[in-house]
Amino acid sequence: MKNITLDVTKATQFLAEGTVKAYEPKVKAAHEALENGTCPGNDFLGWLHLPSSITSDFLQEIQDCANTLRANCEAIVVAGIGGSYLGARAVIEALGNSFAWLVGDKKNPTILFAGNNIGEDYLSELTDYLKDKKFGVINISKSGTTTETALTFRLLKKQCEEQRGKDEAKNVIVAVTDAKKGAARAAADKEGYKTFVIPDNVGGRFSVLTPVGLLPIACAGFDIKLLVAGASDMEKACGTDVAYEENPAAVYAAVRNGLYEQAGKKIEIMVNYQPKLHYMSEWWKQLYGESEGKDGKGIFPASCDFTTDLHSMGQWIQQGERSIYETVISIEKPNRELLFPNDEENLDGLNFLAGKRVDEVNKMAELGTRLAHVDGGVPNIRVSVPVLNEYYIGQLIYFFEIACGISGNILGVNPFNQPGVEAYKKNMFALLDKPGYEAESKAIKERLERE
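Remember, predicted model here, so these are calculated numbers, not experimental data.

Colleague: Just to check I follow, could you spell out the pairing of strand β7 (residues 267-272) for this structure?
Modeller: Moving residue by residue along a regular strand, the side chains alternate between the two faces of the sheet. In terms of burial, β7 is largely enclosed, as five of its six residues are buried. Examined bridge by bridge, β7 and strand β8 (residues 300-305) share six bridges and lie parallel to one another. Bridge pairing in β8 places Met270 opposite Ser303. Read as a crossover between parallel neighbours, the route from β7 over helix α15 (residues 278-292) to β8 is right-handed. Pairing analysis gives six bridges linking β7 to strand β9 (residues 324-333), with the strands arranged parallel. Looking across to β9, one finds that Glu268 is bridged to Tyr325.

Colleague: Would you mind showing me how to read the state of the cysteines here?
Modeller: Two cysteines, two sulfur atoms, one covalent bond between them: this is a disulfide. Using the criterion set out here, one finds zero disulfides in the structure. Between Cys238, a cysteine without a disulfide, and Cys404, which holds the nearest cysteine sulfur, the sulfur-to-sulfur distance is 13 Å. Left unpaired, Cys404 is separated from the closest cysteine sulfur, that of Cys39, by 11 Å.

Colleague: What's the story with a negative patch on the surface in this structure? I'm lost.
Modeller: Residues Asp343, Glu344, Glu345 and Asp348 make up a contiguous surface patch of negative charge. Positionally, Asp348 belongs in the loop between β9 and α17 (358-375).

Colleague: Whenever I open this one, the nonpolar core confuses me. Can you help?
Modeller: Soluble globular proteins tend to pack their nonpolar side chains together in the buried interior. Counting 120 residues, the largest nonpolar core has Leu215, Ile393 and Phe400 as its most contacted members. Those residues within four positions of Ile393 in sequence are excluded, and the remaining contacts are Val91, Ala94, Leu95, Leu227, Leu277, Met280 and Leu388. Formed by 10 residues, the second largest nonpolar core is a distinct cluster that contains Val271, Ala302, Phe306 and Ile317.

Colleague: Looking at this structure, how should I read the side chain of Glu292?
Modeller: The topology assignment puts Glu292 in helix α15. Classification of Glu292 as buried rests on a relative accessible area of 1%. Side chain to side chain, Glu292 and Arg256 meet in a polar contact 2.9 Å long. When sequence neighbours within four positions are dropped, the list of residues in contact with Glu292 reads Arg256, Lys297, Gly298, Ile299, Ser407, Gly408, Leu411 and Val413.

Colleague: Could you clarify how one ought to interpret the environment of Asp305 in this entry?
Modeller: Following the sequence through the fold, Asp305 ends up in strand β8. Leave out the neighbours within four places in its chain, and Asp305 touches Asn272 and His278.

Colleague: Would you take a moment to explain the packing of helix α6 (residues 86-95) against helix α18 (residues 390-411) for this structure?
Modeller: When two helices pack together, their arrangement is given by the angle between their axes and by how far apart the axes lie. Where α6 meets α18, the closest approach of the two axes is 11 Å, and the angle between their N-to-C directions is 145 degrees. Remark: the crossing between α6 and α18 carries right-handed chirality. When α6 is examined against α18, the residues Val91, Ala94 and Leu95 are found in contact with a partner set consisting of Glu390, Ile393 and Ile397. A class-by-class count of the residues in the contact of α6 with α18 yields five nonpolar, no polar and one charged.

Colleague: Just to check I follow, could you spell out the pattern of salt bridges for this structure?
Modeller: Side chains bearing opposite charge may pair, as long as their charged atoms lie close to each other. As enumerated under the stated definition, the model contains 27 salt bridges in all. A salt bridge links Arg370 to Asp7, with the shortest nitrogen-to-oxygen separation between them at 3.4 Å. Taken together, the residues span a long stretch of sequence, with Arg370 in helix α17 and Asp7 in strand β1 (residues 5-7) at a distance of 363 residues. Among the residues examined, Arg370 registers a relative accessible area of 11% and is labelled buried. What you see here is one network of salt bridges that share partners, running through Lys157, Glu161, Lys166, Lys190 and Glu191.

Conventions and cut-offs
Residues numbered from 1 in each chain as written. Predicted model: local features only at pLDDT ≥ 70, side-chain atom pairs only at ≥ 80, totals over all residues. Heavy atoms only, no water. Buried < 20%, exposed > 50% of the residue type's maximum accessible area, 1.4 Å probe, protein only. Helix = DSSP H or I, 4+ residues; strand = E, 2+ residues; numbered from the N terminus. Pairing = 2+ DSSP bridges. Right-handed = clockwise from strand over helix to strand, strands pointing away. Disulfide = S-S within 2.5 Å. Patch = residues over 30% accessible without salt bridge, like charges linked within 9 Å, V, L, I, M, F, W, Y side chains within 5 Å. Areas by Shrake-Rupley, 256 points an atom, 1.4 Å probe, with all protein chains shown as cover. Salt bridge = Lys/Arg side-chain N within 4 Å of Asp/Glu carboxyl O. Lys, Arg positive; Asp, Glu negative; His and termini not counted. Charge placed at Lys NZ, Arg CZ, Asp CG, Glu CD. Core = buried A, V, L, I, M, F, W, Y, C linked by side-chain atoms within 4.5 Å. Contact = heavy atoms within 4.5 Å. Polar contact = N/O pair within 3.5 Å; in protein donor to acceptor, adjacent residues only side chain to side chain. Axes fitted to C-alpha atoms, helices over the stretch in contact; angles between N-to-C directions. Left-handed = near helix turned anticlockwise from the far one by under 90°. Nonpolar A, V, L, I, M, F, W, Y, C, P; charged D, E, K, R; others polar.

See the structure below:
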């Protein structure tokens, strides 16, 4: 099978000749630091060789649990936030029917996502929807105390037990959490829930190939063996033994750092021409934003869904401040075929498209936009994916993960921590008068009075 491929020709033309080659020593040093465990955050490198280390027995255990949930649930709620849900949602949305909630899929349960916000209306509407449903819950939390997820799980646990009875509920509630400690682990042990472990050495944004992502994806009816196989093959394609120019992750890391450091490109826009990839961009934004955005450094990760956003953001991209570049995920072959019909009256003037596939029009929109944006001063990187399936989504996931690790090391930051995430939590807990935050509560309330 082919691998995903990388085309940087429309980006390197914005760099001095030889720039990508000049980055080779930096890239190799960054990559070797990952392999040797000598980089900052080296206690969070469990994802590096995760795909090739996953056993068939482990995948079968996940599949067996998924089969139990699928057989006993009309709906399954995935409760998690950030890396605890974005990867799973990215894969499920990419591979699923865009109108699944309308067509009434009889083969697969409806997969819902919650615990990623504190919206009272959202949670009320969710609990209303579930009132007449046989539903289960996958609670994904390392600590079990993350506010958004813990609040949601408390609501869902109570509702599930009331609707199905406690004995039946415990068979359709699964905890993906720490091996030994934390509130979620304590609750799971007490109630007798099936559990899977979030490895200590895998951070949330790199966890999609752990049970964090694999269990929801299997529950949705997708082939997790094929997903892992794709990631494993990409692990080989991006190894330290692969020639620099032939290693897509190495080249991507070099080009993006070159654009940032030498061409002043501070914003990377992840672009797709396939609506199903919206949440893949959301996952990518967390991966790169949380990994690189620290110490006053980092490319700002943004995203656009084309051609939709060409009618809202297209003007700014074409002629706004030249601080941006684009990375385009291009799907070579769609999974379905739809032809433009002929219309005798031709009032819209579109008969010149009659008989053509919709995807041909989309591809010409992609090419035309790429050329226009390059002409407008926007460097363009293209990631080409043969077809949208589990295997190539697995490749895409690992490609971006390893490139992120290399890129963060080149930048000189710790790609695997996120100290800035805690700032808002401290303020929120102080404002809510959480026990233990008395001093912070007093200080912040005095500040608000002054302001």
